[in-house]
Amino acid sequence: MNKMLKRILITIIILIIIAIAIIVQIKKSKPSSNLGNNIIKTEEDIKNETQMAKQESLANTSEASRIKNYVGQFYTMLDTKEYEASYNLLFERFKENYFKTEDEYEEYIKSKYPKKMILNHAKLDREGKYYIATVEVIDALNTGNKFSQRVVIEEIELNKFKLSFQVI
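A quick note: this is a predicted structure, and the numbers were derived from the prediction, not measured.

**Here's the deal with the overall build of the protein**
Reasoning step 1: A count of helical and extended segments in the protein gives 7 helices and 4 strands.
Reasoning step 2: The helix and strand sequence of the protein, counted from the amino end, reads α-α-α-α-α-α-α-β-β-β-β.
Reasoning step 3: Taking all 168 residues of the protein together, the buried fraction comes to 27%.
Reasoning step 4: Excluding contacts between residues fewer than 6 apart, the proportion of contacts in the protein whose partners are at least 24 apart in sequence is 46%.
Reasoning step 5: A total accessible area of about 12100 Å² is found for the protein, and carbon and sulfur atoms account for 55% of it.

**Comments concerning the pairing of strand S3 (residues 146-157)**
Each regular strand displays side chains that alternate between the two surfaces of the sheet.
Reasoning step 1: In this structure, strand S2 (residues 130-139) lies alongside S3, joined through 9 bridges in antiparallel fashion. In the sheet register, alanine 133 faces S3, and the bridge partner there is valine 151.
Reasoning step 2: In this structure, S3 lies alongside strand S4 (residues 160-165), joined through 6 bridges in antiparallel fashion. Across the sheet, isoleucine 153 pairs through a bridge with leucine 163, a residue of S4.

**What about the pattern of salt bridges?**
Reasoning step 1: Using the criterion set out here, one finds 7 salt bridges in the structure.
Reasoning step 2: Here glutamate 106 makes a salt bridge to lysine 110, at a shortest N to O gap of 2.9 Å. With glutamate 106 and lysine 110 both in helix H7 (residues 102-112) and 4 residues apart, this pair spans about one turn of that helix.
Reasoning step 3: Residue classification places lysine 110 among the partly exposed positions, given a relative accessible area of 47%.
Reasoning step 4: Aspartate 125 is the partner of lysine 123 in a salt bridge, and the nearest nitrogen-oxygen pair spans 3.5 Å.

**A few points about the sheet that holds strand S1 (residues 117-127)**
Reasoning step 1: Across the sheet, which stays open at both edges, the 4 strands sit in the order S1-S2-S3-S4 with antiparallel pairing between neighbours. Looking along the sheet, the strands with just one partner apiece sit at the ends: S1 and S4. The average angle at which neighbouring strand axes cross in this sheet is 30 degrees, direction not considered.
Reasoning step 2: Contacting S1, S2, S3 and S4, helix H4 (residues 63-79) runs over the sheet at an angle of about 140 degrees to S1.

**A look at H7**
Reasoning step 1: Listing the buried residues of H7 in full gives Tyr105, Glu106, Tyr108 and Ile109. Viewed end-on, H7 has its buried residues packed into an arc of 160 degrees, placing them on one side of the element. Those residues of H7 that are exposed and aimed more than 90 degrees away from the buried face are Asp103 and Ser111.
Reasoning step 2: Elements that come into contact with the buried residues of H7 comprise H4, helix H5 (83-88) and S4.

**Concerning the packing of aromatic side chains**
Reasoning step 1: By the definition in use, this model includes 16 aromatic pairs.
Reasoning step 2: Look at phenylalanine 99 and tyrosine 108: their rings are 5.1 Å apart centre to centre, the planes differ by 50 degrees, and that puts the pair in the tilted class. Take phenylalanine 99 and tyrosine 108: they sit in the same class, and that class is buried.
Reasoning step 3: Connected via pairs of aromatic rings, a cluster forms that spans Phe74, Tyr75, Tyr87, Phe94, Tyr98, Phe99, Tyr105, Tyr108, Tyr113, Phe147 and Phe165.
Reasoning step 4: A cation over a ring is seen here: lysine 95 above tyrosine 87, with NZ or CZ 4.6 Å from the ring centre.

**Notes on a nonpolar patch on the surface**
Reasoning step 1: On the surface, a cluster of nonpolar side chains totalling about 550 Å² of accessible area is made up of Met4, Ile8, Ile12, Ile16, Ile20 and Val24.
Reasoning step 2: Looking at where isoleucine 16 falls in the secondary structure, it is placed in helix H1 (residues 2-29).

**Quick word on the side chain of glutamine 149**
Reasoning step 1: Within the secondary structure, glutamine 149 is located in strand S3.
Reasoning step 2: Of the residues examined, glutamine 149 reaches a relative accessible area of 0% and is grouped as buried.
Reasoning step 3: One polar contact links the side chain of glutamine 149 to the main-chain carbonyl oxygen of glutamine 166, over a distance of 2.6 Å.
Reasoning step 4: Here glutamine 149 is in contact with Tyr75, Tyr113, Ala133, Thr134, Val135, Val137, Phe165, Gln166 and Ile168, once residues within four sequence places are set aside.

Here is what the cut-offs are and how they apply
- Residues numbered from 1 in each chain as written.
- Predicted model: local features only at pLDDT ≥ 70, side-chain atom pairs only at ≥ 80, totals over all residues.
- Heavy atoms only, no water.
- Helix = DSSP H or I, 4+ residues; strand = E, 2+ residues; numbered from the N terminus.
- Buried < 20%, exposed > 50% of the residue type's maximum accessible area, 1.4 Å probe, protein only.
- Contact = heavy atoms within 4.5 Å.
- Areas by Shrake-Rupley, 256 points an atom, 1.4 Å probe, with all protein chains shown as cover.
- Pairing = 2+ DSSP bridges.
- Salt bridge = Lys/Arg side-chain N within 4 Å of Asp/Glu carboxyl O.
- Axes fitted to C-alpha atoms, helices over the stretch in contact; angles between N-to-C directions.
- Arc of directions from axis to C-beta.
- Phe/Tyr/Trp six-rings, centres within 6.5 Å; stacked < 30°, edge-to-face > 60°.
- Lys NZ or Arg CZ within 6 Å of the ring centre and 35° of its normal.
- Patch = residues over 30% accessible without salt bridge, like charges linked within 9 Å, V, L, I, M, F, W, Y side chains within 5 Å.
- Polar contact = N/O pair within 3.5 Å; in protein donor to acceptor, adjacent residues only side chain to side chain.

Set out below in structure tokens:
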């Protein structure tokens, strides 16, 4: 019996050594992760990553594609009722002449634009540092209701721009 107990004890010790060796091997093969950096991302981290990805994407596109993207961003803001953000894109002089306050601007947008829009890019011209895009704004709920509008854009730097539009 004493001999049998020794064999069981030796077998258990061998199994423990094998288990430890396997655990060590698994830990070596797994890349270590820094839990503090990988688990929780703040809203600002996500926004910054999205902005950087957008910058990289825009940097690799043509001039015409970038300008169309800017125009699309503006009309998307109108469509999603982001009036403050879209107002901040306007040239200062344009605001002084047409919309002295954000409230005036918001009222104008609500009265002139459809609740849901489809945008067709018709034409893009360049005059010096300004781009003139002609777009067709279509009411998504009534496709017979549409109008053409010109938008003047100045690209200040990649994904930073100012604009004005034809007041209708």
